[in-house]
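As a plain string of letters, each chain reads:
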Amino acid sequence: TQLLEQSPQFLSIQEGENLTVYCNSSSVFSSLQWYRQEPGEGPVLLVTVVTGGEVKKLKRLTFQFGDARKDSSLHITAAQPGDTGLYLCAGLDNFNKFYFGSGTKLNVKP
Amino acid sequence: DVKVTQSSRYLVKRTGEKVFLECVQDMDHENMFWYRQDPGLGLRLIYFSYDVKMKEKGDIPEGYSVSREKKERFSLILESASTNQTSMYLCASSTLAGGLYEQYFGPGTRLTVT
């Protein structure tokens, strides 16, 4: 059973479009992290959100943690081919254990 | 920058062989983890360690063991490799910094068992 559900699983868009990826759970997490993984490489940490309702921006990427700390979203504005990759969310529980979603595979076409 | 290195990027082994995957981190992190990643299943935790000589089972420990003799090194051992252990293996380390636990991953080892 996946504690964290990500949607959509796959996304193929044109350069310049906007997109949102969702990470949902019925469990509460003390923090939530987003990673980007390129083929054949390990995941790279993008951001950690901690407070319910928190919003963090990383250039064209906007991350939001839900008020109840059960869900999160990642919004990309004006997507670029360099944004292509697998986006993973991971929640940290109160026992310092990480739970990963199965990922959203994003392809941005030039 | 945190650096987590893994001994091999690609590995091909035969069924029944004993396989060692090595992971080293250079940031003095207390916690280290081994995951496997398979399409559609995401990352699944095999074992983790919160301190030297300490180990805890993750969600899928069967067929694996680990060793942590030094703080910076965490080894994953496949006692007798089987074809269903063909996968991408990812090592990670973490520490509490600024009130946050954040994980940092190595580049992964793609293991094929034939």
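By convention here, each chain's residues receive numbers from 1 onward along its written sequence. As a convention, the first chain written is A and the first ligand written is 1, with the rest following in written order. Per-residue local features of the predicted model are confined to residues with pLDDT of at least 70, and side-chain atom pairs are confined, for both listing and counting, to 80 or more; whole-chain, interface and lining totals are unaffected and use all residues. The basis for every side-chain value is the complete set of heavy atoms in the structure, and neither hydrogens nor water enter the calculation.

**A look at the interface of chain B and chain A**
Then, number 1: With 21 residues of chain B at the interface, the matching set in chain A holds 21 residues.
Then, number 2: Here Glu41(A) ties to Arg9(B) by a salt bridge, and the two come within 3.1 Å at their closest N and O atoms.
Then, number 3: Polar contact is defined as a pair of N or O atoms within 3.5 Å, subject to the rule that within protein one atom must be able to donate a hydrogen and the other to accept it, and that residues adjacent in sequence are counted only when both atoms are side-chain atoms. Here chain B and chain A share 7 residue pairs in polar contact (both at pLDDT 80 or more) between them.
Then, number 4: Under the scheme used here, helices are H or I runs from DSSP no shorter than 4 residues and strands are E runs no shorter than 2 residues, and both carry numbers assigned from the N terminus. Among the elements of the structure, β4 (31-38), β5 (42-49), β9 (87-97) and β10 (100-105) of chain B are those that each provide at least two residues to the side of chain B that touches chain A.
Then, number 5: For the side of chain B that touches chain A, the element with the most residues is β10(B), which contributes 6 residues. Should any heavy atoms of two residues lie within 4.5 Å, those residues are counted as being in contact. A pair is scored as a salt bridge if a Lys or Arg side-chain nitrogen falls within 4 Å of a carboxyl oxygen belonging to Asp or Glu.

**Re the sheet that holds strand β7 (residues 64-70) of chain B**
All names here are of chain B.
Then, number 1: Only when DSSP finds a minimum of two bridges between them are two strands counted as paired. Pairing within the open sheet is antiparallel, and its 4 strands lie in the order β1-β3-β8-β7. The open sheet terminates on both sides in strands that have one partner only, identified here as β1 (4-6) and β7. The sheet shows a mean angle of 20° between the axes of neighbouring strands, taken without regard to direction.
Then, number 2: Here strand β3 (residues 19-25) pairs with strand β8 (residues 73-78) via 6 bridges, running antiparallel. Within β8, the position partnered with Glu22 by the bridge is Ser75. With axes taken as lines fitted to C-alpha atoms, and helix axes fitted only over the stretch in contact, angles between N-to-C directions fall between 0 and 180 degrees.

**Some thoughts on the sheet that holds strand β3 (residues 19-24) of chain A**
Sheet strands associate in pairs through backbone hydrogen bonding, adopting either a parallel or an antiparallel arrangement.
Residues and elements named next belong to chain A.
Then, number 1: In space, the 5 strands of this open sheet follow the order β1-β3-β8-β7-β6, with antiparallel pairing throughout. Looking at the sheet topology across the chains shown, the edges are occupied by β1 (5-7) and β6 (55-58). This sheet shows a mean twist of 15° between the axes of neighbouring strands, independent of strand direction.
Then, number 2: Bridge analysis of strand β7 (residues 61-65) against strand β8 (residues 71-76) gives 5 bridges, and the strand direction is antiparallel. Pairing of Gln64 across the sheet is with Ser73, part of β8.

**Things to note about the state of the cysteines**
Residues and elements named next belong to chain A.
Then, number 1: Any pair of cysteine sulfurs within 2.5 Å is marked as a disulfide. Counted by the stated rule, this structure contains 2 disulfides over all chains.
Then, number 2: Bridging Cys23 to Cys89, the disulfide has an S-S length of 2.0 Å. For the disulfide bridge between Cys23 and Cys89, the dihedral angle about the S-S bond is near 80°, and by the sign convention the bridge is right-handed. With Cys23 in strand β3 and Cys89 in strand β9 (residues 85-92), this pair connects stretches of sequence that are 66 residues apart.
Then, number 3: For the exposure calls, accessible area comes from a 1.4 Å probe over protein chains only, and a residue counts as buried if that area is under 20% of its type's maximum, exposed if over 50%, partly exposed in between. Look at Cys23 and you get buried, because its relative accessible area is 0%.
Then, number 4: Classification of Cys89 by relative accessible area gives buried; the value is 0%.

**With respect to the pairing of β10(B)**
Residue and element names in this part refer to chain B.
Then, number 1: Counting buried residues along β10, 5 of its 6 residues qualify, which places the element largely inside the surrounding structure.
Then, number 2: Relative to β10, β9 runs antiparallel, the two being bridged by 6 bridges. In the sheet register, Ser93 faces β10, and the bridge partner there is Tyr104.

**Some points on the pattern of salt bridges**
Then, number 1: Within the structure shown, the criterion is met by 11 salt bridges over all chains.
Then, number 2: Between Glu54(A) and Lys56(A) there is a salt bridge; the shortest N-O distance is 3.8 Å.
Then, number 3: Accessibility expressed as a relative area gives 19% for Glu54(A), which makes it buried.
Then, number 4: Each of Arg36(B), Asp38(B) and Arg44(B) takes part in salt bridges that share partners, so that together they form one network.

Any link to function would need more than the numbers given here.
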